[in-house]
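# Geometric and topological summary
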Protein chains: 2
Amino acid sequence: MSSMRTIAARAKISMATASRALNGHAEVDPRTRERVLQVAQDLGYRTPSERKVDAGSIGLVQASRSGFYDYDALLMRGMVEAGEQHRFDVTWINLSREKSPDESYSQFFRRKNIRGAVLRSFGDSAHVVEAIAAEGFPAVAIGERYDRADINWLRINGLNASRNAIDHLIALGHRRIALVRHSRPTADHADRVAGYEQALRAAGLELDPGLVVSIPVGPLAGAVAINCLFAMPTPPTAIYFTDPEVTVGAINRCHELQIRIPDDVSVVGFDDGLVRRNTWPRYAAVCQETWRLGAEASGWLARKLAGFNPPPLASEQEAHFEVLQSTGVPPARQIRVLPDGTRLQLE
Amino acid sequence: MSSMRTIAARAKISMATASRALNGHAEVDPRTRERVLQVAQDLGYRTPSERKVDAGSIGLVQASRSGFYDYDALLMRGMVEAGEQHRFDVTWINLSREKSPDESYSQFFRRKNIRGAVLRSFGDSAHVVEAIAAEGFPAVAIGERYDRADINWLRINGLNASRNAIDHLIALGHRRIALVRHSRPTADHADRVAGYEQALRAAGLELDPGLVVSIPVGPLAGAVAINCLFAMPTPPTAIYFTDPEVTVGAINRCHELQIRIPDDVSVVGFDDGLVRRNTWPRYAAVCQETWRLGAEASGWLARKLAGFNPPPLASEQEAHFEVLQSTGVPPARQIRVLPDGTRLQLE
DNA sequence: CGATAGTTTGGAACTGTTCCGGAAATAATC
DNA sequence: GATTATTTCCGGAACAGTTCCAAACTATCG
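Because the structure is a prediction, the values reported are computed rather than measured.

### Focus on the overall build of chain A
If you tally the helices and strands in chain A, you get 13 helices and 14 strands. Judged by the C-alpha coordinates and their principal axes, chain A covers about 85 × 35 × 35 Å. In chain A, which comprises 347 residues, the share counted as buried stands at 47%.

### Some words on helix H10 (residues 187–202) of chain B
Within an α-helix, residues lying three or four positions from one another point in the same direction, as the helix has 3.6 residues per turn. Between its terminal C-alpha atoms H10 of chain B stretches 22 Å, which fits the 22 Å expected from 16 residues at 1.5 Å a residue. Where H10 of chain B is buried, its residues touch strand S5 (153–157), helix H9 (159–171), strand S6 (177–182), strand S8 (238–241), strand S9 (266–271) and strand S10 (284–287) of chain B.

### Some remarks on unusual backbone geometry
Each neighbour pair has its own omega, and for Trp 280 of chain A with Pro 281 of chain A the value is -10°, a cis peptide bond. Summarising the element assignment, Pro 281 of chain A is placed in the loop between strand S9 (266–271) and strand S10 (284–287). Between Ile 261 of chain B and Pro 262 of chain B the backbone carries a cis peptide bond, its omega angle lying at 5°. Examined against the element boundaries, Pro 262 of chain B turns out to sit in the loop between helix H12 (244–256) and S9.

### A look at the interface of chain B and chain A
Listed as interface residues are 28 residues of chain B and, on the opposing side, 29 residues of chain A. Contributing elements (two or more residues each) for the side of chain B that touches chain A: helix H5 (70–86), strand S2 (89–94), helix H6 (95–98) and H12 of chain B. Of all the elements, H5 of chain B adds the most residues to the side of chain B that touches chain A, at six residues. For the side of chain B that touches chain A, a count of residues per class yields ten nonpolar, seven polar and eleven charged.

### Details of the environment of Asp 263 of chain A
Residue and element names in this part refer to chain A. Mapped onto the elements, Asp 263 comes out in the loop between helix H12 (244–256) and S9. By the C-beta count within 10 Å, which is 12 here, Asp 263 ends up exposed. Residues Asp 263 and Pro 330, spaced 67 residues apart in sequence, show a C-alpha to C-alpha distance of 7.4 Å. Once residues lying within four places of it in the same chain are set aside, the contact partners of Asp 263 are Gly 328 and Pro 331.

### Digging into the confidence of the model for chain A
On average, residues of chain A score 88 in pLDDT, and 95% of them reach the 70 mark or higher. For chain A, helix H4 (residues 48–51) of chain A is the element with the lowest average pLDDT, namely 70, and strand S8 (residues 238–241) of chain A is the one with the highest, namely 98.

### Notes on the sheet that holds S2 of chain B
Spatially, twelve strands are ordered S11(A)-S5(A)-S4(A)-S3(A)-S1(A)-S2(A)-S2(B)-S1(B)-S3(B)-S4(B)-S5(B)-S11(B) in an open sheet, and the strand pairing comes out mixed. Edge positions in the sheet fall to strand S11 (314–318) of chain A together with strand S11 (314–318) of chain B, since each of these pairs with one other strand and no more. Strand-to-strand, the axes of this sheet are offset by a mean angle of 20°, without reference to chain direction. Relative to S2 of chain B, strand S1 (residues 57–62) of chain B runs parallel, the two sharing six bridges. Bridging from a neighbouring strand, Ile 58 of chain B pairs with Val 90 of chain B of S2 of chain B.

Analysis parameters
Residues numbered from 1 in each chain as written. Chains lettered and ligands numbered in written order. Predicted model: local features only at pLDDT ≥ 70, side-chain atom pairs only at ≥ 80, totals over all residues. Helix = DSSP H or I, 4+ residues; strand = E, 2+ residues; numbered from the N terminus. Buried ≥ 20, exposed ≤ 12 C-beta atoms within 10 Å, placed from the backbone. Expected span 1.5 Å × (residues − 1). Contact = placed C-beta atoms within 7 Å. Nonpolar A, V, L, I, M, F, W, Y, C, P; charged D, E, K, R; others polar. pLDDT = per-residue confidence, 0-100. Pairing = 2+ DSSP bridges. Axes fitted to C-alpha atoms, helices over the stretch in contact; angles between N-to-C directions.

Now the structure itself:
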């Protein structure tokens, strides 16, 4: 049973080298390491800490250096809920900060005592997801779809819900519908934009590039968008915001400029939590229940780690469109409002 | 340098016993353990994993079974920020779920690879905080003050800010000021209530128990509070809400009943994040920057774990009162509004 | 070809943990 | 009060892994 010794014997090397290989030290010959890792896998080697029943946690893994914001909190909430049931803890972990380039992902996670990973926002670094999958480490990627069979992923598709939202606005009679979108879009974000375009095209409306505002996310983004759009010679009668924070900022800017929602402009926003119910008016939104992503991803990992063999995860759920109080028919008399509050007649 | 052996020799016991004592196993005589721990401390003993730079994480520890909500997310955000600097990961961990009764806290944390603990919401289980401190495990309790010198704690005191808030309302001319508070108050919460009472007393106003609404937190709490207060024969002209979620719910209920803020009623809320800027009108609030608690607590732990010897933490910071757009002079003509929307004349 | 520098490896020393059996203390029984 | 369990506590030894050091091997350059 003396595991490490067995490995050393099988791989015909000393225990010292086996130890180094298993821990990803730099000074082992790559071929030797490969051999050791192979033998370890064959023998089902587990480190002392892994042999304990409940040691290790599931990681919410982030690739780039960045803080912990609403979206993370929602994912985490779902993971914690699943953790109550499946008995695991959740660790927030940052790849860019701690992983040394010459250790593998498995080694990194092992060092950190992470047994399964939920990978978030890896749009710009898909290679990391691929590398982790290639090592066979249990992981689920959130937010994007992958075509490789060995990558488990989970996302919510906002395309149809976005189409429904725009259809809803068109049905109410809107023709000039603006889009406020991220200037640095994720794939997660792209289908909201696509939904907007498809709906307009399907209704035979032309896409006016002047009605599309690209904006970096931030507390002021919503206000800036409203400033731009209402200073136009002919402002839109409805706006679709693809981000919750931006939606809220915009609604408040409307209050400030005394632009009435939905009397002067109809608003559809995006909501990944329950913010839409906290504004006034409560805003119609394309909704995704982000915490469910967290819960499902980590629930799947828990089952996998417990030895059940769940089928690969490659699942796309639909966002839904929820009408609340922020949409109505287009105004009989449109208004134009400059950022300083001046109201102008429309020619 | 052979640390554990040295300890064993000094304490005149075997290494086996030393190991057991340091890991908090149950089967050592309390006096022996005491002696070993003392010697270990004197010699500045650190376990092998502690000697590594980056192993282990800091835990955000919760006592009772419950989910991961706004307050947790804010604490976590601060901890993650500190973690970027001090190079640690953050784990969410639940004591009630995983700790078996016959292991010590140190043992539990070690099993979980947690090197320092941020303890939140331990109002109803102060004995846990005491026990953890007694074991000498690095921990910081958030939200309550403790009198024992070996307990590190950090909290924000809302007393003065609450007094300032009520003073502000009194200065504006308000005399009937209502309080909406939790029905199950934490110590964290109590000083907000005390601030309210003190300010009124100091101004020579009597405390009208009819103006105090105790309410269980939840998405409907705010609406219920407004319903109650505005159905009174003489409604208040100003209201202080001691909880963010309740404040937001109340503001929206006011919109619904067409009670204008601040024209018909002045509102002061509580904010532990930045919600106050997301409502309309942006609400005046007693503000505490919860994430700073997380950042400071875990920063202190990081310094402690790194071997610096930071002075014990027993710090109370002041919340501050921020005036925004939700307060004004009392209305010339007060209104009374029933939950169904009926407006009644005031006798 | 030989000197030199850098890699890679094994032996041995080391760190800490755990199993097992036994001594000492405590409780139970006659 | 003596004897017999039972429990508590501890040490020796076996064990798991890690790391230091020196030796062996490889590559490079004059």
